[in-house]
Structure formats: structure tokens, C-alpha cells
Amino acid sequence: MFIATLIAKESLNERDIQSANISLGRADATIIRQSELIDGRVLDIFFDGDPVAARARLEMIGNGVDIAVQPEANRLKKLLISDMDSTMITVECIDELADYAGIKAQIAEITERAMQGELDFEEALRGRVALLKGLNTSAIQQCLDERVKIMPGAEMLVRTMAQRGAETILVSGGFTKFAKPVAQAIGFKSFHANVLGEAAGVLTGGLDGPIVDSTRKVEVLQTASDAAGLPLEQTIAVGDGANDIPMLQRAGLGVAYHAKPKAAQAADVAIRYNDLTALLYIQGIAADQWVSQ
């Protein structure tokens, strides 16, 4: 059996619910039952049928309603792994850091192409970092203070899952100088990111140690699930860019969050309208069960 979860940004109306039922019928699905309306904007519909066809039909509803289709089994996840930039925070750190060097437009264009999957990730990363050579390291803290904002719903998602015993991991193609304070602020148990080279108070234009790329993200997911004795079906991954795709595809449930088209297409779920608390509704956790501290 599968669950189709409808999550409205504001309120779920009867027209949306009727559209969902019609859409499932057009996908040749058999509706078994549906929940009561949850928090005025969420509904679970339990059905048998083809989940891929069901998702395709349901996503035609639009109207500010996000759709998640998944197996009923293992709905509540025991491990959360997430990208950072434009997922757990609202910005791309390297773009904002570049602004302090006066080259934001130049670097942001490369970032966008890399996230769209048009460029090799490592090559694009090293090229952008090289352009930051000579930037005073004090700009990192200034960027954190002035530019880095936590994504709505991030703390609620991570802290609620952690309270329920889930492993929580932040894994970023960005930098440890940002990932560490972000992970601490949101409540992640651990983090992985790239290390900016520094010397005499300025950036060297290089990176120290191995690169955290799409391959490394998958390795972190697999290692963490193995260490916890969890099957991948009990894991959930969230990201927004092309370098997140392998991680999204390997996890039990891959969620593309306000993502680039390639990531949205590759993921099991694409959240387009709601904030990160949608991932709690997807797991069957209503608002009265959320925690923020």
C-alpha cells in the first residue's frame, strides 16, 4: 500500500481533495482510505497502484499543494541527511562570500551552472575557491553574521526528528567554516563539508583535504546507515542541486526542496511550495508533535 500526502501551503480545500481523488483514479489507483484533515492543510490518502503514475497525476493539481507519494512501510525515518546551501540555509555561502571580494556575479554564475548539473562539481568548486585567493578570513564571520539565514522549518524538522531518536547529518559541498555553526544552530548531530585553505589571515585559494562532492555525500549516507544498523528504506535525504541527486536516489526517500529541475525530477518527492516542516508531515508527524529546542 502507498500513501499520497497532500500538503497545502495555507489551507487544503475540498476542491483540492476532489482533484486528488480524480487524479488517483486516472492513474488507475484504488483508494483504500483517507485520513481526517490534518492541521487544516494536510491529508493522507492510502491507495494501491502504481506510485509513479500516481505522483505524476497528483502533481498536476498545483494550486500551492505539494505532493508526496511513498510506501506505507517505513514511513517514519530514522536518519536524516541534508545538504546545506539553499536547503538548510537560504543562500549559497560561496556566492555571498564572493560579494565581500567584489566578484559575486562572476562566482554566482558558475554556482548556478554547477547546481544545474552543467559543470563538473569539483572543477567548478576549485575554480571558484581560487578566485577568492587573498580574501581576508574575517569576511567569513561577517558573511555568517550578515548573510546566512536559517531556512524556515529547518530547526523544527531536525530537532523533532532528533528527539524521536533519528540520526541527523548535515553534508555540504560548501565549507566547514559555515557548516559547523549552521549545524549547531539547527541541531544536527554531525556535519561534513570542505575545508578552505588559510594562511596569514587570508584565503589561499585552495582547499585542504578530500572534496565533499556527490560521491562523498552518498558515502556518508551509506556509512551512517550501516553504523546505525538501518536499512536505507529508513533514511530520508533532502537537497536542491544536481550534486545531491545520487544521495536523493540512494536514500529511502529523496526529497528535492525548492530544487533545480534535474534534482526535482530525480527525487521521490519535490517540495515546491511549503517550508521544511513538510518533511515532518510526510512522515506522519503533525504540528502538535513538533519541537523547536
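Look up: the structure comes first, before these words.
Residues numbered from 1 in each chain as written. Predicted model: local features only at pLDDT ≥ 70, side-chain atom pairs only at ≥ 80, totals over all residues. Heavy atoms only, no water.

S.K.: Teacher, can you tell me more about the overall build of the protein chain here?
M.R.: A tally of regular secondary structure across the protein chain gives 12 helices and 11 strands. Radius of gyration (C-alpha) of the protein chain: 20 Å, near the 19 Å computed for a compact globule of 293 residues. The dimensions of the protein chain, computed from C-alpha atoms along their principal axes, are 65 × 35 × 30 Å. With an accessible surface of roughly 12,300 Å², the protein chain has 47% of that area assigned to carbon and sulfur atoms. Put simply, the protein chain has 28 plus and 39 minus side-chain charges, and the middle of one group is 1 Å from the middle of the other. (Helix = DSSP H or I, 4+ residues; strand = E, 2+ residues; numbered from the N terminus. Rg over C-alpha atoms; globule rule 2.2 N^0.38 Å. Areas by Shrake-Rupley, 256 points an atom, 1.4 Å probe, with all protein chains shown as cover. Lys, Arg positive; Asp, Glu negative; His and termini not counted. Charge placed at Lys NZ, Arg CZ, Asp CG, Glu CD.)

S.K.: Just checking my understanding: could you explain the packing of aromatic side chains for this structure?
M.R.: How two aromatic rings sit relative to each other is set out by the distance from centre to centre and by the angle between their planes. If you walk through the whole model with that rule in mind, you get 2 aromatic pairs. Seen from their ring centres, Tyr 281 and Trp 290 are 5.1 Å apart, and the 65 degrees between their planes marks the pair as edge-to-face. With a relative accessible area of 4%, Tyr 281 lands in the buried category. (Phe/Tyr/Trp six-rings, centres within 6.5 Å; stacked < 30°, edge-to-face > 60°. Buried < 20%, exposed > 50% of the residue type's maximum accessible area, 1.4 Å probe, protein only.)

S.K.: Explain the packing of helix α4 (residues 104-115) against helix α5 (residues 121-131) here, please?
M.R.: In helix packing, the relevant descriptors are the interaxial angle and the interaxial distance, both defined with respect to the helix axes. Packing of α4 against α5 leaves a shortest axis separation of 10 Å and a crossing angle of 170 degrees. Here α4 is positioned roughly antiparallel relative to α5, judged by the angle of their axes. Along its contact with α4, which presents Gln 106, Ile 107, Ile 110, Thr 111, Ala 114 and Met 115, the element α5 presents Phe 121, Ala 124, Arg 128 and Leu 131. Partitioning the contact of α4 with α5 into residue classes produces 7 nonpolar, 2 polar and 1 charged. (Axes fitted to C-alpha atoms, helices over the stretch in contact; angles between N-to-C directions. Parallel < 35°, antiparallel > 145°, perpendicular 65-115°, else oblique. Contact = heavy atoms within 4.5 Å. Nonpolar A, V, L, I, M, F, W, Y, C, P; charged D, E, K, R; others polar.)

S.K.: What exactly am I supposed to notice about the pairing of strand β4 (residues 65-71) here?
M.R.: Here is the key point about a regular strand: its side chains alternate between the two faces of the sheet. Burial analysis of β4 places 6 of its 7 residues in the buried class, the great majority of the element. Where strand β1 (residues 2-8) and β4 come together, 7 bridges link them in antiparallel fashion. Along β4, the bridge assignment pairs Ala 4 with Val 69. (Pairing = 2+ DSSP bridges.)

S.K.: Would you mind showing me how to read the sheet that holds strand β2 (residues 30-34) here?
M.R.: One key point about sheets: their strands pair by backbone hydrogen bonds, in either a parallel or an antiparallel sense. Taken in spatial order, the 4 strands line up as β2-β3-β1-β4 in an open sheet, and their pairing is antiparallel. Of all the strands in the sheet, just β2 and β4 have a single pairing partner and so form its edges. Recorded for the sheet is a direction-independent mean angle of 25 degrees between the axes of neighbouring strands. The strands that helix α1 (residues 14-26) touches are β1, β2, β3 (42-48) and β4; relative to β3, the one it contacts most, it runs at about 15 degrees. Of the strands in this sheet, β1, β3 and β4 touch helix α2 (residues 51-58), which is tilted by about 175 degrees from β4.

S.K.: Please explain empty space enclosed by the protein as it appears in this structure.
M.R.: One simple way to see leftover space: roll a probe sized like a water molecule over the atoms. Scanning the model with the defined rule gives 2 cavities of 30 Å³ or more in all. The volume enclosed by the largest cavity comes to roughly 160 Å³. Those elements that provide at least two residues to the lining of the largest cavity are α3 (93-99), α4, α5 and β6 (167-175). Looking at the lining of the largest cavity element by element, the count peaks at 4 residues for β6. Among the residues forming the lining of the largest cavity, the class breakdown is 6 nonpolar, 5 polar and 7 charged. A volume near 40 Å³ is recorded for the second largest cavity. Lining the second largest cavity are Leu 76, Lys 77, Lys 78, Met 161, Arg 164, Ala 166, Gln 283 and Ile 285. Split by residue class, the lining of the second largest cavity holds 4 nonpolar, 1 polar and 3 charged. (1 Å grid on protein atoms, 1.4 Å probe; cavity = no way out; pocket = protein on both sides within 12 Å on 5 of 7 lines; lining within 4 Å. Points joined across faces, edges and corners; volume = space filled by probe spheres on them.)

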